[in-house]
Amino acid sequence: MKMCKHIKQLLLTGLMLAGLFTHAQKDKVYRAQTLLSQKNADAARLCIDSAIAHPESAKMFETWTIRGYIYFEFYKKSDKSRLNSALRDTIVSSVKRSNALNPDEDFKGNNARLMGNIAGHYFNIAKYYGQDSLNFAWSNKAYEKFKETMKLSDPSFNFTQKDIEYYSAVGYIYSDQFNKDNNNTKALEIAKVALMKVLDLQPDDVSANMNMGLMYLNNGINLIKSIDDVPDFKQLDVIQENAVKLGRQSEKFLLKVYTKDNTNKKAVEALYYNYKLLNDDVKKLEFLEHCNALGIQVTTD
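The rules behind these values
- Residues numbered from 1 in each chain as written.
- Predicted model: local features only at pLDDT ≥ 70, side-chain atom pairs only at ≥ 80, totals over all residues.
- Heavy atoms only, no water.
- Core = buried A, V, L, I, M, F, W, Y, C linked by side-chain atoms within 4.5 Å.
- Buried < 20%, exposed > 50% of the residue type's maximum accessible area, 1.4 Å probe, protein only.
- Helix = DSSP H or I, 4+ residues; strand = E, 2+ residues; numbered from the N terminus.
- Contact = heavy atoms within 4.5 Å.
- Axes fitted to C-alpha atoms, helices over the stretch in contact; angles between N-to-C directions.
- Parallel < 35°, antiparallel > 145°, perpendicular 65-115°, else oblique.
- Left-handed = near helix turned anticlockwise from the far one by under 90°.
- Nonpolar A, V, L, I, M, F, W, Y, C, P; charged D, E, K, R; others polar.
- Phe/Tyr/Trp six-rings, centres within 6.5 Å; stacked < 30°, edge-to-face > 60°.
- Lys NZ or Arg CZ within 6 Å of the ring centre and 35° of its normal.
- Expected span 1.5 Å × (residues − 1).
- Arc of directions from axis to C-beta.
- Salt bridge = Lys/Arg side-chain N within 4 Å of Asp/Glu carboxyl O.

Caption draft 1: Focus on the nonpolar core. Within the largest apolar cluster, 58 residues are counted, with the highest numbers of intra-cluster contacts made by Ile-91, Ile-118, Phe-146, Tyr-166 and Tyr-174. The greatest single-element share of this core, amounting to ten residues, is contributed by helix α5 (residues 105-132). Leave out the neighbours within four places in its chain, and Phe-146 touches Ala-119, Tyr-122, Phe-123, Phe-159 and Lys-162. Core analysis: the second largest hydrophobic core is formed by 21 residues, Met-210, Leu-254, Tyr-273 and Leu-278 among them.

Spelled out as C-alpha cells, the structure:
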C-alpha cells in the first residue's frame with residue numbers, strides 16, 4: 001500500500017511539473033509578444049525560437065503568428081527588396097503553420113495582413129526586375145510569388161487588374177527594346193507573350209494593341225531594308241512574303257486602336273507606313289490624307 005501511495009505521489013508530482021513546464025513554454029510565447037511590442041526584436045526572437053522547439057507551444061497558432069511578426073522586423077530592414085530571402089521564407093512558413101492550426105479571427109486577420117505586406121514587396125520586386133534591371137526571368141518569378149503570397153492573404157483576390165498592370169508594363173518595356181534593336185529577338189518574344197496576356201484579359205486595350213502593331217510593323221520594315229544585302233533572288237521573294245505577313249499582323253492590331261479612336265495620331269501614322277509596307281496604294285493614300293488632316297508629317301518616297 002505504501003508503495004502504491006508513493007507511486008501515485010510521483011505521478012501527481014510528474015503531472016504538476018509537466019503542467020508547470022507547459023505553462024512556462026506558453027509564457028515564453030506571450031513574453032516574445034511583449035518584447036516585440038517593446039521593439040526588442042532580438043530578445044523576442046530568442047524567446048519564440050525556444051517556444052517553437054517545444055511540442056506543446058509548437059501546437060499553438062499564436063506561436064507561429066508571433067514568430068512571423070518577429071522575423072518580419074528583421075526582414076523589413078534588410079531583405080524586403082531581395083528576390084530570395086531566407087527571412088521571408090521563414091515568415092511565410094510560419095503563417096502557413098499558424099493557418100493550419102485553425103487560428104481565431106484576430107490571428108487569422110493578423111496572418112492575412114502580414115501576407116499582404118509580403119505580397120506587396122514581391123510585386124515591387126517584380127516591377128524592379130522588369131523595368132530597371134530588364135531581367136524578365138527574375139521579374140516573372142517575383143510576380144508568381146506575389147500571386148502565391150497574395151492568395152494566402154486573400155484567397156478570393158481577383159488578379160485581373162494586377163495581371164493587366166504587370167504584363168502591360170513588361171510588354172511596353174520589351175517592345176520598346178525590340179523597336180530600338182530589331183536584332184533583339186529575345187525582347188520581341190517576351191513582349192509578345194506579355195502583351196498577348198493583356199489582350200486575352202482585355203482585347204481592346206489600346207496600349208497593348210499599339211505596341212503589338214508597332215513591333216510587327218518595325219519588324220516588317222527592317223526586313224524590307226535588308227533586301228539590299230541579299231544577293232539571292234529566291235531569298236528576296238521569301239523576305240518580301242514574310243514582310244507582307246508581318247504587315248498583315250500589324251494591321252490587325254493597329255486597326256483595333258484606330259477603330260476605337262480614328263484621331264489617334266500614333267495609330268494613323270503607323271497604319272500609313274503599314275499600307276506603304278503592304279504596297280496598298282488605295283489605303284496608303286487614304287491614311288496619307290488622315291495624316292495631313294491631323295498635322296502628322298510622314299515620308300512619301
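Caption draft 2: Structural context of the packing of helix α3 (residues 61-78) against α5. Where α3 contacts α5, the axes come no closer than 10 Å and their chain directions differ by 30°. Comparing their axes, α5 and α3 come out roughly parallel. Relative to α5, α3 is oriented so that their crossing is left-handed. On α5, the residues touching Phe-61, Glu-62, Thr-65, Ile-66, Gly-68, Tyr-69, Phe-72 and Tyr-75 of α3 are Phe-107, Asn-110, Asn-111, Arg-113, Leu-114, Asn-117, Ile-118 and His-121. Tallied by class, the residues present in the contact of α3 with α5 amount to eight nonpolar, six polar and two charged.

Caption draft 3: Structural detail: the packing of aromatic side chains. Considering all chains together, one arrives at 17 aromatic pairs under this definition. Plain terms: the ring middles of Phe-72 and Tyr-75 are 5.7 Å apart, the flat faces sit at 40° to each other, and that makes the pair tilted. Of the two residues, Phe-72 and Tyr-75 are both situated in helix α3; the distance of three residues between them amounts to about one turn of the helix. Accessibility expressed as a relative area gives 11% for Phe-72, which makes it buried. Owing to a relative accessible area of 0%, Tyr-75 belongs among the buried residues under this scheme. Here the aromatic residues Phe-123, Tyr-143, Phe-146, Phe-157, Phe-159, Tyr-166 and Tyr-167 are joined through ring pairs into a cluster of three or more. Seen from the ring of Phe-123, Lys-162 lies directly overhead, with NZ or CZ sitting 4.0 Å from the centre. One residue, Lys-197, lies across the ring of Tyr-167, its end atom 5.2 Å from the ring centre.

Caption draft 4: Spotlight on the environment of Gln-33. Mapped onto the secondary structure, Gln-33 falls in helix α1 (residues 2-37). Judged by its relative accessible area of 36%, Gln-33 is partly exposed.

Caption draft 5: Representation of helix α2 (residues 41-52) in the model. The terminal C-alpha atoms of α2, which comprises twelve residues, lie 16 Å apart, in line with the 16 Å expected from a rise of 1.5 Å per residue. Of the positions making up α2, those classed as buried are Ala-41, Ala-44, Cys-47, Ile-48 and Ala-51. When α2 is viewed along its axis, its buried side chains cluster within an angular range of 120° and face the same direction. In α2, the exposed positions that point more than 90 degrees away from the buried face belong to Asp-42 and Leu-46.

Caption draft 6: Seen up close, the pattern of salt bridges. Scanning all chains against the criterion turns up 14 salt bridges. The salt bridge involving Lys-76 is made with Glu-73; its shortest N-O contact spans 3.3 Å. Placement of the pair is Lys-76 and Glu-73 together in helix α3, with a separation of three residues, close to one helical turn. Judged by relative accessible area, Lys-76 falls into the partly exposed class, the value being 36%. Assessed through its relative accessible area of 23%, Glu-73 is described here as partly exposed. Residue Arg-82 is joined to Asp-79 by a salt bridge in which the shortest nitrogen-to-oxygen separation is 3.0 Å. Residue classification places Asp-79 among the buried residues on the basis of a relative accessible area of 6%.

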